[in-house]
Structure formats: structure tokens, C-alpha cells
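# Commentary on secondary and tertiary structure
Listed below, chain by chain, are the residues.
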Amino acid sequence: MASLAPCPTPPSSEVDTWAAWSRDDLLHQRVLTLHRRHAFKCALETGTWKGHTTVALAQVFPTVYTIEIDDERFEANQARLASYPNVTALHGPSPQVMLKLIDHLEYPLFVFLDAHWEADWPLRDELKILLSVRRPKLILIHDFKVPGRDFGYDRYGEQECSLEYIGDLLPHDECRYTFNSHAAPHSERRGALFIEHLMEPDAVSP
Ligand SMILES: C[S@@+](CC[C@H](N)C(=O)[O-])C[C@H]1O[C@@H](n2cnc3c(N)ncnc32)[C@H](O)[C@@H]1O
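Note that the structure is predicted; figures quoted are calculated from it, not measured.

Each helix and strand counted, the protein has 6 helices and 9 strands in total. When burial is assessed residue by residue, the protein has 50% of its 206 residues classed as buried. Of all intrachain contacts in the protein linking residues separated by at least 6 positions in sequence, the fraction that spans at least 24 positions is 67%. Surface exposure of the protein reaches about 10100 Å², of which carbon and sulfur atoms provide 51%.

This part covers the sheet that holds strand S8 (residues 175-179). Read from one edge of the open sheet, 7 strands run S3-S2-S1-S4-S5-S9-S8, paired in mixed fashion. Edge positions in the open sheet fall to strand S3 (87-91) and S8, since each of these has one partner strand only. Strand-to-strand twist across the sheet, computed as the mean angle between neighbouring axes with direction ignored, equals 15°. Relative to strand S5 (residues 137-142), strand S4 (residues 109-113) is paired through 5 bridges, and the arrangement is parallel. Looking at the pairing, Phe110 lines up with Leu138 of S5.

Further remarks concern the nonpolar core. Generally speaking, soluble globular proteins have nonpolar side chains that are buried together. Core analysis: the largest hydrophobic core is formed by 31 residues, its most contacted members being Leu44, Leu105, Leu123, Leu127, Ile139, Ile141 and Ile166. Looking at this core, the elements with two or more residues in it are strand S1 (42-46), strand S2 (64-68), helix H4 (94-101), S4, helix H5 (123-131), S5, helix H6 (163-166) and strand S9 (192-197). Looking at which element gives the most residues to this core, the answer is H5, with 5 residues. Discounting residues that sit within four places of it in the chain, Leu44 has contacts with Tyr65, Ile67, Met98, Leu101, Leu105, Leu109, Phe110, Val111, Phe112 and Leu130. Judged by nonpolar contacts, the second largest core, of 22 residues, contains Ala20, Ala43, Val87 and Leu140.

Empty space among the atoms becomes visible once a probe the size of a water molecule is rolled across them. Taken as a whole, the largest pocket spans an internal volume of roughly 580 Å³. Broken down by secondary-structure element, the contributors of at least two residues to the lining of the largest pocket are helix H2 (52-58), S2 and H4. Tallied by class, residues from the lining of the largest pocket come to 11 nonpolar, 10 polar and 11 charged.

A few words now on the packing of aromatic side chains. In this structure the tally under the stated criterion is 9 aromatic pairs. Ring geometry for Phe40 against Phe61: centres 6.1 Å apart, planes inclined by 55°, an arrangement best described as tilted. Residue Phe40 is located in the loop between helix H1 (25-38) and S1, and its partner Phe61 is located in the loop between H2 and S2; the two are separated by 21 residues in the primary sequence. On the numbers, 5.1 Å between centres and 20° between planes, the contact of Phe61 with Phe110 is stacked. Of this pair, Phe61 sits in the loop between H2 and S2 while Phe110 sits in strand S4, placing them 49 residues apart in sequence. Residue classification places Phe61 among the buried positions, given a relative accessible area of 2%.

This part takes up empty space enclosed by the protein. Applying the stated criterion across every chain, the model contains 1 cavity of 30 Å³ or more. Each pocket or cavity is described by its volume, and for the largest cavity that value is around 70 Å³. Of the residues contributing to the lining of the largest cavity, the split by class is 6 nonpolar, 2 polar and 4 charged.

The next subject is the site of the ligand. Not every one of the 19 residues close to the ligand is listed here, only the nearest: Glu45, Gly47, Thr53, Glu68 and Asp114. Backbone polar atom of His116 to an oxygen atom of the ligand: 3.4 Å apart, as the coordinates give it. Taken by itself the ligand offers 600 Å² of open surface, and the protein chains cover 95% of this. At a threshold of 2 Å from the grid points, most atoms of the ligand map onto the largest pocket.

With an omega of 0°, the peptide bond between Tyr107 and Pro108 qualifies as cis. With respect to the helices, strands and loops of the structure, Pro108 is situated in the loop between H4 and S4. The phi dihedral of Trp117 falls on the positive side, at around 95°, and the residue is not glycine. Among the residues examined, Trp117 registers a relative accessible area of 62% and is labelled exposed. A positive phi angle is found at Asp143, which is not glycine, with a value near 60°. Structurally, Asp143 can be placed in the loop between S5 and strand S6 (155-156).

Reading the values: the criteria
- Residues numbered from 1 in each chain as written.
- Predicted model: local features only at pLDDT ≥ 70, side-chain atom pairs only at ≥ 80, totals over all residues.
- Heavy atoms only, no water.
- Helix = DSSP H or I, 4+ residues; strand = E, 2+ residues; numbered from the N terminus.
- Buried < 20%, exposed > 50% of the residue type's maximum accessible area, 1.4 Å probe, protein only.
- Contact = heavy atoms within 4.5 Å.
- Areas by Shrake-Rupley, 256 points an atom, 1.4 Å probe, with all protein chains shown as cover.
- Pairing = 2+ DSSP bridges.
- Axes fitted to C-alpha atoms, helices over the stretch in contact; angles between N-to-C directions.
- Core = buried A, V, L, I, M, F, W, Y, C linked by side-chain atoms within 4.5 Å.
- 1 Å grid on protein atoms, 1.4 Å probe; cavity = no way out; pocket = protein on both sides within 12 Å on 5 of 7 lines; lining within 4 Å.
- Points joined across faces, edges and corners; volume = space filled by probe spheres on them.
- Nonpolar A, V, L, I, M, F, W, Y, C, P; charged D, E, K, R; others polar.
- Phe/Tyr/Trp six-rings, centres within 6.5 Å; stacked < 30°, edge-to-face > 60°.
- Near = heavy atom within 4 Å.
- Polar contact = N/O pair within 3.5 Å; in protein donor to acceptor, adjacent residues only side chain to side chain.
- Sits in = over half its atoms within 2 Å of the grid points.

The structure is reproduced here in C-alpha cells:
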């Protein structure tokens, strides 16, 4: 069973740039609680950036895959992530990489969808690939519009990162949805959607 741990403390050289879960310890604690309940075998992150959340995932999940499209960012992360033998860092556009990876993932699977900032927003393609596999998984979409909260969320032009954007892809009768309700005071206060796809509510007793 996974143990509950505090948000990992960064090495002192990384304090200024530490931003796991956008500094939201409540989000981190919720992921730990979900892991304790479901005992995820594997985690997949899209959008590595500087690897802050990758490292947090590596300290919790047995196996972690992370995908980054940017050449320089991917190279810059190599040294840091080499310290975590359970992390495999992959390079390329997330949908293409996921298609190659999908048969190697283990379930129940935890997924953190956080790939954006580029001209092409891969969220819908990522979801189509993940939902095509009818095995238990929890998908956390970061920077999501949360109804009734002033949390930050992504926009691409007129398009908001919201249920309106992805709702047609979701098999509602196979999923349970929740949002984050609070954000840690000194965090970046970003919204998040949790999609439990084909998950037993309490696969593992707390
Ligand atoms: C918000 S940052 C990710 C932050 C990181 N997950 C964390 O928690 O620290 C977004 C990252 O997604 C990457 N990205 C954008 N489009 C992508 C794509 N199609 N495939 C993979 N990575 C992508 C960007 O280069 C950037 O590094």
C-alpha cells in the first residue's frame, strides 16, 4: 500500500524553480490519497517541462513515463531525471509517443495531462488514445476550468480547457468526474479535472 508523504522537499539548488503540481500541496495530497485507494501500477505525464512533477511522481509511483516535445527541454532534463531509475523520459509529440507506449503501460494507470504551450494542443488526441483502452485509469487534466472557482485554466484562442471542449469524447457511463475544490494558498491556483475511467471506487481499502 502506498504511504502518505508530504510534498517532496526539493534539493536546495532547485528551490527557486521547484514547482511540482504548480506548488499546490493540496493537489499533491489528493494524488497520494488516490494512489493509496487504487494502488496505481504506473504513471504517465504529458509535458515534462523541467521535470518538477515528474520527480514528485517518481517518489510515489513504481513506474513513471513522461513525454516532452521541446528538444532543448528534453535534453536539459536528462541529468536530473537520470537519478530516478523508475522514470522513462520520452521525446516527441505526446499523441505519437503515446501510441507507441500504450501497449507497455500497466493498469490501474495514473495519467497527468499537462502538455500545452505549443501551437498544437494535444489534449483531445491524448484523451482519444487513453479512452480507447478499456482498462482502469485515472486521468488528471491540469489547468482545467472548474465551475464556480476562480482557479486559472488554459485557453487556446477562443477555446477554453473545459468540459465543453472535451465532453463529447467522454464515455459518461464509464467515468466518474471530480474537480479540485480548494488550492493551496501559495500555489499557482490552477484548476484540475479528475476522470476515473473504469475504476472501482475502492479498489484497495484505505
Ligand atoms: C505546463 S508545462 C508542463 C509542466 C510539468 N508537467 C510540471 O508539472 O512541472 C507544459 C509542457 O508541455 C510541453 N508540450 C507542449 N506540447 C506538447 C506535446 N504535444 N507533446 C509533449 N509535450 C508538449 C511543453 O514544451 C512544456 O514543457
